[in-house]
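# Close look at the chain arrangement
Here's the letter readout for the chains.
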Amino acid sequence: MRHYRLYLLTAIIAFFIAACQEQQTEVNIKIVCTSDVHGNFFPYDFMNDTFADGSLSRVSTYLNQQRSPEAYGENVIYIDNGDILQGQPTTYFYNTVNIEDMHLAAEVLNYLKCDAATLGNHDIETGGSTYQRYIDDLECPILGGNIVYEGSDYTFVSPYTIVERSGVKVAILGLTTPAIPHWLPNTLWRGLEFEDMETAASRWMQYVRKHETPDIVIGLFHSGYEGGITTEDYVENATRAVAENVPGFDAIFYGHEHGARVDSFTNKEGKKVLLINPGNKALQVGTLDITYRKGEGNGGEVIMRPALEKMEFCEPDEAYLSTFVTHMKEVEKYVSQKIGTFTHTI
């Protein structure tokens, strides 16, 4: 009789476990995105000799808050959208002077546990040896589904990456404005081609859907909302066009034009696509709070809440500043050099 009761209890427990597994499970994920940081790693403007409201030092504090057990814990995804290698002297120093050490931009993103990044036009502007060094130093993938080797379909960097959080697969597809040849000489990007974004997005969306079966698809585009330089071969700012004409994206983080904004757009299949531009200089971050409710079989319900969060309300992270204090002093010493003397007033 005792064995029968034990068997019955075990069966009841197994039944309830199975029933719970069949019910929807809810996963909360937060995506945080920076774009067009332009070397603003510290709460200090080296060019104007003033304190700065933005910087990745404040973003570090924000990420720590979101990664706390009381918030999203390990279910935070941090991504950067390019144009990080040009701007403040912090980048110039590590682009051209201290070229032996790991690039500071890569060190900082590694410290912040960045999950994916793109190359912007100003990153390409630094030249192949610099952006290749940056790519090699990064611990996360650089994405660029429309940056291909000349005369081929092979991409220079990964077109997409899959980030999994609590069993939810998030595909992140990266693209870069194809107008780079309009601004920069071929010597800076020799051997590469920049495809039309809509064409590349369509190709890679089909591939990702077929081979990866993600639960959520996010775009990471270093390209503006719409317009700009337009030719027969490409459109500089094609984020809206891709959102409208390439079904499959749940949300797209974009940049390049520095205007922080959040939009909701309906694609040609009638599905809503969120468009989020974090702006520049890490003055704010773009965020996406995702609730994923997984039902029976494949698929699930996705609820997304976009926002812009100003970093001026976050104090610089002391641990971050301590980690990079030597780097900051190196840059301070460099920009404080005497380069000449005025003998007459100007």
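Notes on the structure follow. Here the structure is a predicted model, which is why all the values come from computation and not from measurement.

Quick notes on the rules
Residues numbered from 1 in each chain as written. Predicted model: local features only at pLDDT ≥ 70, side-chain atom pairs only at ≥ 80, totals over all residues. Heavy atoms only, no water. Pairing = 2+ DSSP bridges. Helix = DSSP H or I, 4+ residues; strand = E, 2+ residues; numbered from the N terminus. Salt bridge = Lys/Arg side-chain N within 4 Å of Asp/Glu carboxyl O. Buried < 20%, exposed > 50% of the residue type's maximum accessible area, 1.4 Å probe, protein only. Axes fitted to C-alpha atoms, helices over the stretch in contact; angles between N-to-C directions. Contact = heavy atoms within 4.5 Å. Phe/Tyr/Trp six-rings, centres within 6.5 Å; stacked < 30°, edge-to-face > 60°. Lys NZ or Arg CZ within 6 Å of the ring centre and 35° of its normal.

### Focus: the sheet that holds strand β17 (residues 284-294)
One open sheet accounts for six strands, arranged β6-β5-β4-β1-β17-β18; its pairing is mixed. The open sheet terminates on both sides in strands that have one partner only, identified here as β6 (142-143) and β18 (300-310). Inspection of the sheet shows strand β5 (residues 116-118) paired to β6 by two bridges, in the parallel sense. Counted as the bridge partner of Ala117 is Ile142 from β6.

### Overview of the pattern of salt bridges
Tallied over the entire structure, the rule returns seven salt bridges. The salt bridge partner of Arg293 is Glu26, with a shortest N-O separation of 2.7 Å. Of this pair, Arg293 sits in strand β17 while Glu26 sits in strand β1 (residues 25-34), and the two are 267 residues apart along the sequence. We classify Glu26 as partly exposed; its relative accessible area is 48%. We note a salt bridge from Arg293 to Glu301, for which the minimum N-O separation is 3.6 Å. A relative accessible area of 38% means that Glu301 is categorised as partly exposed. Sharing partners across several salt bridges, the network here consists of Glu26, Arg293 and Glu301.

### Points about the sheet that holds strand β14 (residues 251-254)
Strand order in the open sheet formed by six strands is β8-β9-β11-β14-β16-β15, and the pairing between neighbours is mixed. Looking at strand neighbours, the two that pair on one side only are β8 (160-165) and β15 (261-266), the edges of this open sheet. The sheet shows a mean angle of 20° between the axes of neighbouring strands, direction not considered. With six bridges joining them, β15 and strand β16 (residues 272-277) adopt antiparallel strand pairing. Of the residues in β16, the one forming a bridge with Thr266 is Lys272. Against the sheet, helix α8 (residues 197-211) makes contact with β8, β9 (168-176) and β11 (216-222), and its axis sits at roughly 160° relative to β9, the strand it touches most.

### A look at the pairing of β9
Among the nine residues in β9, eight count as buried, and that is most of the element. Bridge analysis of β8 against β9 gives six bridges, and the strand direction is antiparallel. Across the sheet, residue Thr161 finds its bridge partner in β9, namely Ile172. The hairpin turn running from β8 into β9, its antiparallel successor, is two residues long, and Ser166 in that turn takes a positive phi close to 50°. Of the strand pairs in this sheet, β9 and β11 are connected by seven bridges, and their pairing is parallel. What sits directly across from Thr176, in β11, is His222.

### Let's talk about the packing of aromatic side chains
Scanning the entire structure with this criterion turns up 18 aromatic pairs. Relative to Tyr207, the ring of Tyr160 lies with its centre 6.2 Å away and its plane at 50°, an arrangement referred to as tilted. Note that Tyr160 is positioned in strand β8 and Tyr207 in helix α8, a separation of 47 residues in sequence. On the basis of relative accessibility, which here comes to 14%, the residue Tyr160 falls in the buried class. Here the aromatic cluster, defined as three or more aromatic residues joined through ring pairs, consists of Phe42, Tyr44, Phe46, Phe51, Tyr111, Tyr320 and Phe324. For Arg261, the ring lying beneath its charged end belongs to Tyr225, and the centroid distance is 4.3 Å.

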